[in-house]
Amino acid sequence: MAVDYSKIITDICKDILKLTDMFPYFIIAAVLITCFIYTIFRWHKKLKFVLWCLFIFYIEALLWITFFSREPGSRRAIDMTFLYTWGYTAQEHAFFIENIILFIPFGFMMPCIFRMFRKMPVCVMGGFIFSVMIEVVQYITQRGYSQLDDVVTNTVGALAGWIVWALIAGIIYMILNISTDPVERNMIWLVTGITFAILAVYSFFWIKFKMKMPVFKSVPLEKVMAMENSMYYTIRKRRGIWR
């Protein structure tokens, strides 16, 4: 049976949007908890304050998804079948992928805050242990099914998050240390900045006047998915709009 990727992406986006109602509470709690932590440890680095706010916000969202959004005693079972949760429907595929996405922030943010997690095995093992802890608590509180797939997908998500962090950290390090000569380094940054500025202006006019699409306005998901179909461009061309 063919996999309907557009339906999977749509289901994932809908599930993510369901969390937006809780975002204000998560943000307020994250700031208050971070302020409390900073009062105790007397840290004064603004960047670290922001990272801690984001991290606590993520933990709150994670706990809400895995525990507090479910009724206690609503579900309790153990499933050790590998890839069982992949299922057959687009919704089941979406849930499987969401379990990976759920731990990508974990793999990305832990190295940003804790130096020891900058080693890939430590970060992945941390994701694995945290996932196992969630499954155990879910089983005890009867708030979720304890499944092997959840641990595997969460661990893969932590690995993916660490890879993203490593790539970004490597790029930032390369940019900051691109040359030992300060004058040459500043010139490289200047030329790069001007190049990106020109590309940004060019993209604006291309999208606005050539593609005739809104620049600073969101495009409905259905329209984005329709762009994958060749008929979308054929119809636009017939209507006198650039393909």
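Higher on the page you've got the structure.
Let me begin by describing the structure that accompanies this report. Source: prediction; values computed, not measured.

## Examining the overall build of the chain
Piece 1. A count of helices and strands for the chain gives ten helices and two strands.
Piece 2. Along the chain, from the amino end to the carboxyl end, the secondary structure elements read α-α-α-β-α-α-α-β-α-α-α-α.
Piece 3. Scored against the burial criterion, the 243 residues of the chain give a buried share of 28%.
Piece 4. Counting contacts in the chain only where the partners sit at least 6 residues apart, residues at least 24 apart contribute 68% of the total.
Piece 5. Carbon and sulfur atoms make up 72% of the accessible area of the chain, which amounts to about 16500 Å² in all.

## Re the packing of helix 6 (residues 120-141) against helix 7 (residues 148-176)
Piece 1. Viewed as axis vectors pointing N to C, helix 6 and helix 7 meet at an angle of 150 degrees, and their least axial separation amounts to 8 Å. At the point where helix 6 passes helix 7, the crossing takes the right-handed sense. Facing helix 6, whose interface residues are Met120, Cys123, Val124, Gly127, Phe128, Ser131, Val132 and Glu135, helix 7 presents Asp150, Val151, Asn154, Thr155, Ala158, Leu159 and Trp162.
Piece 2. Among the residues making up the contact of helix 6 with helix 7, the classes are represented as nine nonpolar, four polar and two charged.

## Observations concerning the side chain of Thr153
Piece 1. If you trace the backbone, Thr153 turns up in helix 7.
Piece 2. Setting aside residues no more than four positions away along its own chain, Thr153 makes contact with Phe96, Asn99 and Ile100.

## Some details on the environment of Ile101
Piece 1. In this fold, Ile101 is placed in helix 4 (residues 90-102).
Piece 2. Accessibility expressed as a relative area gives 34% for Ile101, which makes it partly exposed.
Piece 3. Sequence spacing of Ile101 and Val156 is 55 residues, and the spatial spacing of their C-alpha atoms is 9.1 Å.

## A closer look at the packing of aromatic side chains
Piece 1. Taken as a whole, this structure holds twelve aromatic pairs when the rule is applied.
Piece 2. Ring geometry for Phe114 and Phe117: centres 6.0 Å apart, planes at 55 degrees, overall tilted.
Piece 3. In this structure Phe114 comes out as partly exposed when scored by relative accessible area, which is 28%.
Piece 4. For Phe117, a relative accessible area of 13% gives the class buried.

## Observations regarding the nonpolar core
Piece 1. The biggest cluster of nonpolar side chains holds 23 residues, and the ones touching the most others in it are Phe55, Tyr58, Leu62, Phe103 and Phe106.
Piece 2. Listed by contribution, the elements that provide at least two residues to this core are helix 2 (23-41), helix 3 (46-68), helix 5 (104-113), helix 6 and helix 7.
Piece 3. Here this core gets nine residues from one element, more than from any other, and that element is helix 3.
Piece 4. Beyond its immediate sequence surroundings of up to four residues, Tyr58 is in contact with Leu102, Phe103, Pro105, Phe106 and Met109.

## Re helix 7
What sets the pattern is the α-helix's 3.6 residues per turn: residues three or four places apart point alike.
Piece 1. Look at helix 7: 42 Å from first C-alpha to last across 29 residues, which is about the 42 Å you get at 1.5 Å a residue.
Piece 2. Those residues of helix 7 lying buried are Asp149, Asp150, Val151, Thr153, Asn154, Thr155, Gly157, Ala158, Gly161, Trp162 and Trp165.
Piece 3. Looking at the buried side of helix 7, the elements it contacts are helix 4, helix 5, helix 6 and strand 2 (146-147).

Cut-off values and rules
- Once a new chain begins, its residue numbering starts again from 1 and follows that chain's sequence as written.
- With pLDDT at 70 or above as the cut-off, local features in this predicted model cover only qualifying residues; side-chain atom pairs require 80 or more to be listed or tallied, and sums for whole chains, interfaces and linings still use all residues.
- No hydrogens and no water enter the side-chain calculation; it runs on all heavy atoms of the structure.
- Secondary structure elements follow DSSP: runs of H or I of four or more residues count as helices, runs of E of two or more count as strands, with numbering from the N terminus.
- Using a 1.4 Å probe on the protein chains alone, a residue whose accessible area is under 20% of its type maximum counts as buried, one over 50% counts as exposed, and one in between counts as partly exposed.
- The contact definition used throughout considers only heavy atoms, calling two residues in contact when any of these lie within 4.5 Å.
- The Shrake-Rupley method, run with a 1.4 Å probe sphere, supplies the accessible areas, and residue values consider only the shown protein chains as cover.
- Between the N-to-C directions of two axes lies an angle of 0 to 180 degrees, each axis being a line fitted to C-alpha atoms and, for a helix, fitted only over the stretch in contact.
- The handedness criterion is simple: a crossing whose near helix is rotated anticlockwise from the far helix by less than a right angle is left-handed, and one whose near helix is rotated clockwise is right-handed.
- Asp, Glu, Lys and Arg are counted as charged, while Ala, Val, Leu, Ile, Met, Phe, Trp, Tyr, Cys and Pro are counted as nonpolar; the rest, among them Gly, fall into the polar class.
- In this scheme Phe, Tyr and Trp rings, the latter by its six-membered ring, pair at centre separations within 6.5 Å, and the angle between planes marks the pair as stacked below 30 degrees, edge-to-face above 60, and tilted otherwise.
- By convention a nonpolar core is built from buried Ala, Val, Leu, Ile, Met, Phe, Trp, Tyr and Cys residues, the set being connected through side-chain atoms within 4.5 Å.
- Expected span, for any helix, means 1.5 Å times one less than how many residues it has.

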